[in-house]
Amino acid sequence: MTRFFLPEGHRLHTPENRAACSSPEGLRRAMETKTVLEGTALLCDAEHNLTVSLGNGRLATIPRTEAALGIAEGTTRDIAILSRVGRPVSFLVDSIPEAGGRPILSRRRAQRMALDLLLTQARPGMVLPAVVTHLEPFGAFVDLGCGVTSMIGIENISVSRISHPGQRFTIGQSIYAVVLDIDPQRERIYLTHKELLGTWAENVRPFHPGMTVPGIVRGIKEYGAFIELTPNLSGLAEARTDLTEGERVSVFLKSIAPDRMKIKLLVIDHLPPEPPAPLPYFITEGRMAYWRYAPAGCTRVAAETVFLD
């Protein structure tokens, strides 16, 4: 199985990374073998060169044009450099001065290696680890390796609808994503996420009529309120005037109908807010060929994904 480069931050505190960064000899070996290492960007100077901590007081420099793919060509804005301050950065070692000066590093070259591997070896349906780096109303940007970014559109984050990716993700969160498509010409990898959170049948399995469970109000209509039980499972509760989108409530499960994917609920009480629970992944590795949300025999049209190679 192809081993892709890890998102930035995943190797920073590993013994191998610490050992390589701890001495000129370790950095030289990494330079010769083109091994990707990580340090922490301490500051960005007025010329937008990064100062990187290698640990134990050792410092190195990433020149501006080597700080991110596209900086030299003008296709990437310098905010991609400024936003790394205080965060881990991946790099290859470019040079080690003999007189004891700072080593010169290249994040751009590490990103180029990671992106080339993704473009040539990744396939639709492959499950990849990722780290959330930025949130916008239309989607979540994630790091697929060495700072190579892609985006998960808000419609592909979960089956249960959300109004902003921040209702599902936090910046810095480690997640999994699925390759939806690859465009080698534009050097883009398109991602989806909801397929990893399970089908309707998988999500409804722990629930039974008569239970009372917590949920989150995700949508309020004249005819009722949609209550999220899991990120890929919602039910409809009777209309109430005292509900607010995003709040936690306790709900009584009145009935579950698999043939129509219907869950009828009754709101019992308001609940205090709590940190989001870890995402309930059903798949975290391998490659998917096809995913269908609806259970067998269901009469409703539901989401499905065909991963074409």
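Preceding block: the structure.
Since this is a predicted model, take the numbers as computed values, not measurements.

Asks: Honestly, the overall build of the protein in this entry has me stumped. Any pointers?
Replies: In terms of helices and strands, the protein carries five helices and 17 strands. The 309 residues of the protein split such that 45% are buried. In the structure as shown, the protein presents an accessible area of about 15700 Å², 54% of it carried by carbon and sulfur atoms. Across the protein, the mean location of the 34 positive side-chain charges is 2 Å away from that of the 33 negative side-chain charges.

Asks: Is there a simple way to think about the state of the cysteines in this case?
Replies: Within the structure shown, the criterion is met by zero disulfides. Take Cys-44: it sits in no disulfide, and the sulfur closest to it among the cysteines is that of Cys-146, at 20 Å.

Asks: What exactly am I supposed to notice about the side chain of Thr-230 here?
Replies: Tracing the backbone shows Thr-230 in strand E12 (residues 224-230). Within the local environment of Thr-230, its side chain forms a polar contact with the side chain of Asn-203, the two groups lying 2.7 Å apart.

Asks: Even after reading the chapter, I still don't get the packing of aromatic side chains, so can you show me in this structure?
Replies: Two aromatic rings are characterised by how far apart their centres lie and by the angle between their planes. Under the criterion given, the structure shown has four aromatic pairs. Plain terms: the ring middles of Tyr-176 and Tyr-281 are 5.2 Å apart, the flat faces sit at 85° to each other, and that makes the pair edge-to-face. With Tyr-176 in strand E9 (residues 174-183) and Tyr-281 in the loop between strand E15 (262-271) and strand E16 (290-292), this residue pair connects regions lying 105 residues apart in the sequence. Judged by centre distance (6.2 Å) and plane angle (90°), the ring pair of Tyr-223 and Phe-226 falls under edge-to-face. Tyr-223 sits in the exposed class, given a relative accessible area of 55%. Phe-226 gets classed as partly exposed once you look at its relative accessible area, which sits at 31%.

Asks: Would you mind showing me how to read the pattern of salt bridges here?
Replies: Close approach of charged atoms allows side chains with opposite charge to pair. Here the structure, examined in full by the defined rule, presents 14 salt bridges. Residue Arg-11 pairs with Glu-38 through a salt bridge whose shortest N-O separation is 3.4 Å. Here Arg-11 is found in the segment before helix H1 (15-21), whereas its partner Glu-38 is found in strand E1 (residues 37-44), with 27 residues between them in sequence. Using a relative accessible area of 13% as the deciding quantity, one classes Arg-11 as buried. Here Arg-108 makes a salt bridge to Glu-66, at a shortest N to O gap of 3.1 Å. Note that Arg-108 is positioned in helix H4 (residues 107-121) and Glu-66 in the loop between strand E3 (58-62) and helix H3 (79-82), a separation of 42 residues in sequence.

Asks: Any chance you could explain the side chain of His-193 here in plain terms?
Replies: Tracing the backbone through its elements, the reader meets His-193 in the loop between strand E10 (188-192) and helix H5 (200-204). Take His-193: its relative accessible area is 0%, and that puts it in the buried class. In contact with His-193, other than residues within four places in its own chain, are Ile-152, Asn-156, Ile-157, Phe-169, Ile-175, Tyr-176, Leu-279 and Tyr-281.

Asks: Please explain unusual backbone geometry as it appears in this structure.
Replies: For residues other than glycine, phi is negative in most cases, and the peptide bonds are mostly trans. Of note in this structure, Cys-146 is not a glycine but carries a positive phi near 55°. Locating Cys-146 in the fold gives a position in the loop between strand E7 (139-145) and strand E8 (148-153). Positioned with a positive phi, Glu-187 is a non-glycine residue whose angle comes to about 55°. Mapped onto the fold, Glu-187 is located in the loop between E9 and E10.

Asks: Looking at this model, I keep getting lost on a positive patch on the surface. Mind explaining?
Replies: Positive charge collects at one region of the surface, where Arg-260, Lys-262, Lys-264 and Arg-300 lie side by side. Following the sequence through the fold, Lys-262 ends up in strand E15. Overall, Lys-262 belongs to the partly exposed group, its relative accessible area being 40%.

Asks: Looking at this model, I keep getting lost on the environment of Asn-56. Mind explaining?
Replies: Mapped onto the fold, Asn-56 is located in the loop between strand E2 (50-55) and E3. Exposure remark for Asn-56: the relative accessible area of 76% places this residue in the exposed category. Residues Asn-56 and Val-159, 103 residues apart in the sequence, show an inter-C-alpha distance of 46 Å.

Asks: Even after reading the chapter, I still don't get H4, so can you show me in this structure?
Replies: Residue pairs three or four apart in sequence face the same way in an α-helix, which turns once every 3.6 residues. Here H4 contains 15 residues, and its C-alpha end-to-end distance of 21 Å stays within 8% of the 21 Å for a straight helix at 1.5 Å per residue. All of the buried residues along H4 are Arg-107, Ala-110, Gln-111, Ala-114, Leu-115, Leu-118 and Leu-119. One face of H4 carries all of its buried residues, which in axial projection span an arc of 160°. One side-chain oxygen of the residue at the start of H4 lies 3.0 Å from the amide nitrogen of Arg-109, identifying that residue as Ser-106.

Asks: Where do I start with the pairing of E1 in this structure?
Replies: Judged from the four bridges that link them, E1 and strand E4 (residues 88-95) form a sheet pairing that is antiparallel. Residue Glu-38 lies in a different strand from E4, and its bridge partner there is Ser-90. Where E1 meets E2, four bridges bridge the pair, whose relative direction is antiparallel. Each residue of the ladder has a partner; that of Leu-43, found in E2, is Thr-51. The antiparallel hairpin formed by E1 and E2 contains five residues in its connecting segment, where His-48 sits at a positive phi of about 70°.

Parameters at a glance
- Residues numbered from 1 in each chain as written.
- Predicted model: local features only at pLDDT ≥ 70, side-chain atom pairs only at ≥ 80, totals over all residues.
- Heavy atoms only, no water.
- Helix = DSSP H or I, 4+ residues; strand = E, 2+ residues; numbered from the N terminus.
- Buried < 20%, exposed > 50% of the residue type's maximum accessible area, 1.4 Å probe, protein only.
- Areas by Shrake-Rupley, 256 points an atom, 1.4 Å probe, with all protein chains shown as cover.
- Lys, Arg positive; Asp, Glu negative; His and termini not counted.
- Charge placed at Lys NZ, Arg CZ, Asp CG, Glu CD.
- Disulfide = S-S within 2.5 Å.
- Polar contact = N/O pair within 3.5 Å; in protein donor to acceptor, adjacent residues only side chain to side chain.
- Phe/Tyr/Trp six-rings, centres within 6.5 Å; stacked < 30°, edge-to-face > 60°.
- Salt bridge = Lys/Arg side-chain N within 4 Å of Asp/Glu carboxyl O.
- Contact = heavy atoms within 4.5 Å.
- Patch = residues over 30% accessible without salt bridge, like charges linked within 9 Å, V, L, I, M, F, W, Y side chains within 5 Å.
- Expected span 1.5 Å × (residues − 1).
- Arc of directions from axis to C-beta.
- Pairing = 2+ DSSP bridges.

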